[in-house]
Amino acid sequence: MFRTIRHPRHRVRFWTFLYFSLLGLLLAPSALAASYRDRLPQDEVIYFLLPDRFENGDPANDRGGLTGGRLVTGFDPTDAGFYHGGDLKGLRTRLDYIQRLGATAIWIGPIFKNKPVQGPPGQESAGYHGYWITDFTRVDPHLGTNADFKALVDAAHARGLKVYMDIVANHTADVIQYRDCPPGCPYRSRADYPYTREGGPNGKPINPGFLGDHVQSEANFARLTNPNYAYQAYVPEAERHLKVPDWLNDPIYYHNRGNSTFAGESSTIGDFMGLDDLMTEHPRVVRGFIDIFAGWIDRFGIDGFRIDTERHVNPEFWRAFVPAMMARAKARGIPNFTIFGEVSSPVIDVAQQAEHTRTDGMPLVLDFSFRAAVLQALAGRGGNDGLDLLFKGDPLYEGGAPATLAMPTFVSNHDLGRFAHFVRFALPKASDEEVLKRVTLAHAMLFGLRGVPVIYSGDEQGFAGKGDDRAAREDMFASKVASYNATKLVGTDATTAQASFNPQHPLYRAIATLAALRRDHAAFRRGRQIVRAASDMPGLFAASRFDPVDGHETLIAINTSTEPLLANVEVDARSAHFRSLAGTCPSAAAAPGSLALSIPPLSYVFCEAVASR
């Protein structure tokens, strides 16, 4: 998917070094920077949202300027798979709500113009989520205009909030069709369908002299002129110029090999669920996407990118793209531009995540393994040793364990589902109070342990969902989707049939308290971490964080069981006296190096070492 541009390895390491800059030499680590531009990536608290599901500020754009029924406009607020009316103007009216929660950066789902509706008859759905892009240069009319986005970014910056864009370079909307198979065409490999034959090894010769997509030079790709090696690819007449920029309409810039199996070579060159998979190895594609996304930095001064489907793009693309974006951001006066890639996995797989920081030069990845470890500890009857396994893998990342301080962590998201859903699924007899405690405890882990917390919009209002994908994409404004409104929320008797922006919700208040602790105590943002206790059974998990200036210790201790816990936990022998930041901590160590704790069921304590008086 990316051309092979051979950037020397030291270039990638140089950008990684600049990204973290020794985690404290740029500014005093004990306090947050005065300007939002000066905050390091590890100092943020991220709030993630899909704009269509957040707030409707302008009903006039609900249909995206289109006329007709829902299969034309994509608008049907009663269907979880269609546009509901949320937009950028609506988001701008809710910045105060987000900031009061404690968020310092907003990760906004893709805002680019999408194909309104896709899918075979009877299975249609809309591009409300933003991942079916046709125009990479403008805002989707359902969400507003480029001017609306500028107004949003400016308003966020005026408050000291950063704005991260969700971007896609792996694929576009499904426009290219194959003459020789129906939708859902199976993947055809390089070996069975080489680039130099039409329709298989015995087909007529095409693309003479093309050496394959691993030779990513201008001269080699000049020999790739016929896209019909695996399938007869074409663009329907009515959509010949649908994509913007116009070069994206040429099938030669796509792999055209059928649907990915998400294994082997198909993981990077197969169509993602039928979407047109860009040939990111092609030099023209690399240049084109550097131009596209650098333009958004230039025009709007955004603060970072979350990269969708990052693992499904070849490493050479990213080794060209990432340095180009960092350089453009620096030239724009954005010294701490943040880039993190999606390397999705439902299980703890640190090696896979770390690989992308090393082979791709990706500064950060979204920590799916953190989510899996917290699910193991709290959404069922498993132990919390998965967290120990997770953190033992931190040295594998480019930059080592210090780099993971800036890595975004989460417990819920729009693809895999909400944490509360998995608690209820695993523990169907759990009381409402127990579910609330487990969800609260998950957020205590999110804010207390290493990494940058990502809050998925609605979690702070007790959204639970009933599964993954669209089942976990509830409306924050009053919803008309029956399945959303019928799902019991956590910590409240309210439903999604009414607007869900209640600052008194117990989860909103708990998260706001945790965010304030993280803001006021550098150990949570930039502190080295040591795991102190873990078990393969429900019970004690403990870790120490150390202040980056004076090294004093803060102990995070969590009881993942439904029974009270009494335990001695190892601490630094110099940590003699403590104060409680959360929960009830003893005022002094029981002995040098040992702190005696009493933690109620499904609860946590944060104990900060203080100088003796």
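Okay, so let's go over this structure. (Residues numbered from 1 in each chain as written. Predicted model: local features only at pLDDT ≥ 70, side-chain atom pairs only at ≥ 80, totals over all residues. Heavy atoms only, no water.)

1. What to know about the packing of helix α11 (residues 368-378) against helix α12 (residues 385-392)
Here is step 1: Between α11 and α12, the shortest axis-to-axis distance is 7 Å and the interhelical angle comes to 160°. One element, α11, and the other, α12, form an angle in the roughly antiparallel class. In this structure, the crossing between α11 and α12 has a hand that is left-handed. Each of S369, F370, A373, V374, Q376 and A377 in α11 lies in contact with α12, whose residues at this interface are D385, G386, L387, L390 and F391.
Here is step 2: In terms of residue class, the contact of α11 with α12 is made up of seven nonpolar, three polar and one charged. (Axes fitted to C-alpha atoms, helices over the stretch in contact; angles between N-to-C directions. Helix = DSSP H or I, 4+ residues; strand = E, 2+ residues; numbered from the N terminus. Parallel < 35°, antiparallel > 145°, perpendicular 65-115°, else oblique. Left-handed = near helix turned anticlockwise from the far one by under 90°. Contact = heavy atoms within 4.5 Å. Nonpolar A, V, L, I, M, F, W, Y, C, P; charged D, E, K, R; others polar.)

2. Some points on unusual backbone geometry
Here is step 1: Between V244 and the following residue, P245, the backbone shows a cis peptide bond with an omega angle of 0°.
Here is step 2: Turning to its location among the elements, P245 is positioned in the loop between β10 (233-234) and α7 (266-269).
Here is step 3: The backbone of F262 shows a phi angle near 65°, a positive value even though the residue is not glycine.
Here is step 4: Here F262 is to be found in the loop between β10 and α7.
Here is step 5: Its relative accessible area of 36% is what places F262 among the partly exposed residues.
Here is step 6: With phi around 50°, D469 is a residue other than glycine that occupies positive phi space. (Buried < 20%, exposed > 50% of the residue type's maximum accessible area, 1.4 Å probe, protein only.)

3. Considering the nonpolar core
Here is step 1: Grouped together as the largest cluster of nonpolar side chains are 136 residues, with contacts concentrated most on F149, F289, F293 and F305.
Here is step 2: With 10 residues, helix α8 (residues 283-300) is the largest single contributor of residues to this core.
Here is step 3: Leave out the neighbours within four places in its chain, and F293 touches F112, F136, I167, V168, F305, F321 and M325.
Here is step 4: Judged by nonpolar contacts, the second largest core, of 17 residues, contains A542, L565, F578 and I599. (Core = buried A, V, L, I, M, F, W, Y, C linked by side-chain atoms within 4.5 Å.)

4. Digging into the environment of H552
Here is step 1: With respect to the helices and strands, the residue H552 is situated in the loop between β18 (540-546) and β19 (553-559).
Here is step 2: By relative accessible area, H552 is classed as partly exposed at 23%.
Here is step 3: Residues H552 and R574 lie 22 residues apart in sequence; the distance between their C-alpha atoms is 8.8 Å.
Here is step 4: Once residues within four sequence positions are removed from consideration, H552 is found in contact with R545, F546, D547, E608 and A609.
Here is step 5: Side-chain polar atoms of H552 contact the side chain of D550, separated by 2.6 Å. (Polar contact = N/O pair within 3.5 Å; in protein donor to acceptor, adjacent residues only side chain to side chain.)

5. Observations concerning the pairing of strand β17 (residues 528-533)
Here is step 1: The pairing of β17 with β18 spans five bridges and is classified as antiparallel. Looking at β18, one finds that I530 is bridged to S544.
Here is step 2: In sequence, β17 turns back onto β18 through a hairpin of six residues, with G539 there showing a positive phi of about 155°. (Pairing = 2+ DSSP bridges.)

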